[in-house]
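# Structure assessment
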Amino acid sequence: MSIFVHGDNILQKENHKTKYRDAKSRQYLTEIRSKYEEWKQENLSLTGPLIEPSPDDKTIIERRVELFNQYKDFIDQQKYAEQFDSRSNLHSSALEEFMYYLFKDLVSDYSDDALIGKSRAFKDLSFKSENYQGMLALPGTLLEVKDYDFVIGATINATFHCKGKSSGDTESFDMPAIAIECKTYLDKTMLESCSTTGEQLKKNNPNALYIVVAERLKLSEAVNLKNRKIDQIYILRKQKNTDREDRFLEGYIANPIYADVVFHLFSMVREYLSSDWGGKIADGLHRGYLI
């Protein structure tokens, strides 16, 4: 699990043995590092929102969004965008770290042991033995995991052992209650991939909430969002995507990240975490309808 994923991205570039060693890259990384530390400390000094709604919640989120807009405006400058392309994940990782600042106090209000941040989380579990004799001795547990940009959930420690045996297979894995995919923009290929991921997640954890958060949108009206296994899609800038080069042309107006969209995202997550997920057949039988 990683919480300061954007800071880690900068550090990897600073310490890379072969790339980013030229004078321009070193200068730019120094400038970005300084601005990043300001953004990080400002967010860590803020507290909230928490589990219980407060009149200050909107103000706190508006401040976090204001800080994020200032930082994103800085690293989205043309000189940094050209020096560190999309494959470097410099810009996309900033959104992932913003998710941590947004939800850190809400999650810690539940437990210091709660799972939050970027994670290689549970995808599937299976068992494979070389022969029947081996199956009687050890289950042959195979744990498959998947990378998620941001999760809120729990870390589960489990031991699988066969009847009559004291030793077994010990596994530790992260289980998302909420998984959020973070994108600088969302196109149809990404949407299809996210839908597949959401389906896999809900197969093993039906109560999980799966959300996609993107800065901009690159979809046509012909796309049907209702048949995707995604609970909600947020477009933070309320803006269509354009080529990065076009955003540096004179006269282009880039929308900011909107605080009302972020507040809706936060409220959806908080309400979900504080609600009773239900899903028991006995509950449905009492009503007369099961799902």
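Sequence positions are assigned chain by chain, starting from 1 and proceeding in written order. Totals for whole chains, interfaces and linings use every residue, but because this is a predicted model, local features are given only for residues with pLDDT of at least 70 and side-chain atom pairs only at 80 or more, for both listing and counting. Note that water and hydrogens are dropped before the side-chain values are worked out from all heavy atoms of the structure.

Moving on to helix 3 (residues 57-75). To qualify as a helix, a DSSP run of H or I must reach at least 4 residues; to qualify as a strand, a run of E must reach at least 2; elements of each kind are numbered from the N terminus. To estimate how far a helix should extend, the number of its residues minus one is multiplied by 1.5 Å. Given a rise of 1.5 Å per residue, 19 residues ought to cover 27 Å, and the 27 Å separating the end C-alpha atoms of helix 3 matches this to within 8%. Contact partners of the buried residues in helix 3: helix 1 (5-15), helix 2 (23-45), helix 4 (78-83), helix 5 (90-110), strand 4 (209-218) and helix 8 (259-274). Every residue pair with non-hydrogen atoms within 4.5 Å of one another is taken to be in contact.

All right, on to the side chain of Glu181 then. Among the structural elements, Glu181 can be located in strand 3 (residues 169-187). Here the term buried applies to any residue with accessible area under 20% of the maximum for its type, exposed to any over 50%, and partly exposed to those in between, with areas from a 1.4 Å probe on protein chains only. Only four residue types enter the charge count: Lys and Arg as positive, Asp and Glu as negative, with His and the chain ends excluded. Any carboxyl oxygen of Asp or Glu that lies within 4 Å of a side-chain nitrogen of Lys or Arg is treated as forming a salt bridge with it. Of the side chains with opposite charge, Lys146 comes closest to the buried, unpaired Glu181, at an N-O distance of 4.8 Å. We define a polar contact as two N or O atoms separated by no more than 3.5 Å, with the added condition that, inside protein, one atom must be a possible hydrogen donor and the other a possible acceptor, whereas residues neighbouring each other in sequence contribute only through side-chain atom pairs. Of the polar contacts made by the side chain of Glu181, one reaches the side chain of Tyr210; its length is 3.4 Å. Glu181 has contacts with Tyr148, Asp149, Cys194, Thr197, Tyr210, Ile211, Val212 and Val213, leaving out every residue within four places of it along the chain.

Here we take up the nonpolar core. Only buried Ala, Val, Leu, Ile, Met, Phe, Trp, Tyr and Cys residues count toward a nonpolar core, and they belong to the same one when joined by side-chain atoms within 4.5 Å. Core analysis: the largest hydrophobic core is formed by 47 residues, its most contacted members being Met99, Phe103, Ile180 and Leu265. Per element, the largest residue contribution to this core is eleven residues, and it comes from helix 5. The next biggest cluster of nonpolar side chains, apart from the first, holds 17 residues, and it includes Ala121, Cys194, Val212 and Val223.

It is worth spelling out the pattern of salt bridges at this point. Think of it this way: side chains of opposite charge can pair up when their charged atoms draw near. Counted under the stated rule, the structure contains 20 salt bridges. The salt bridge partner of Arg64 is Asp105, with a shortest N-O separation of 3.3 Å. Pair noted here: Arg64 is in helix 3 and Asp105 is in helix 5, with a separation of 41 residues, a long-range link. For Arg64, a relative accessible area of 0% gives the class buried. Lys118 is the partner of Asp149 in a salt bridge, and the nearest nitrogen-oxygen pair spans 3.6 Å. On the criterion of sequence distance, the pair formed by Asp149 in strand 2 (residues 141-160) and Lys118 in strand 1 (residues 115-127) is long-range, its members being 31 residues apart. For Asp149, a relative accessible area of 12% puts it in the buried group.

Here a pair means two rings of Phe, Tyr or Trp (six-membered ring of Trp) with centres within 6.5 Å. Their orientation is stacked below 30 degrees between planes, edge-to-face above 60, and tilted elsewhere. In this structure the tally under the stated criterion is 17 aromatic pairs. Relative to Tyr101, the ring of Phe4 lies with its centre 6.4 Å away and its plane at 45 degrees, an arrangement referred to as tilted. With a gap of 97 residues between them, Phe4 in the segment before helix 1 and Tyr101 in helix 5 connect regions that are remote in the sequence. Each ring, one from Trp39 and one from Tyr71, has its centre 4.7 Å from the other, and the planes form 5 degrees; the classification is stacked. With Trp39 in helix 2 and Tyr71 in helix 3, the pair connects residues that are 32 residues apart, well separated along the chain. With respect to burial, Trp39 and Tyr71 carry one shared label: buried. Each residue in the set Phe4, Tyr36, Trp39, Phe68, Tyr71, Phe98, Tyr100 and Tyr101 is aromatic and connected to the rest through ring pairs, giving one cluster. Placement of a charge over a ring requires the Lys NZ or Arg CZ to be within 6 Å of the ring centre, with the centre-to-atom vector within 35 degrees of the ring normal. Above the plane of the ring of Phe263 lies Lys58, whose end atom (NZ or CZ) is 5.2 Å from the centre.

We now examine unusual backbone geometry. With an omega of -5 degrees, the peptide bond between Gly48 and Pro49 qualifies as cis. Its place among the elements puts Pro49 in the loop between helix 2 and helix 3. Of note, the phi angle at Lys238 is positive, near 50 degrees, even though the residue is not glycine.

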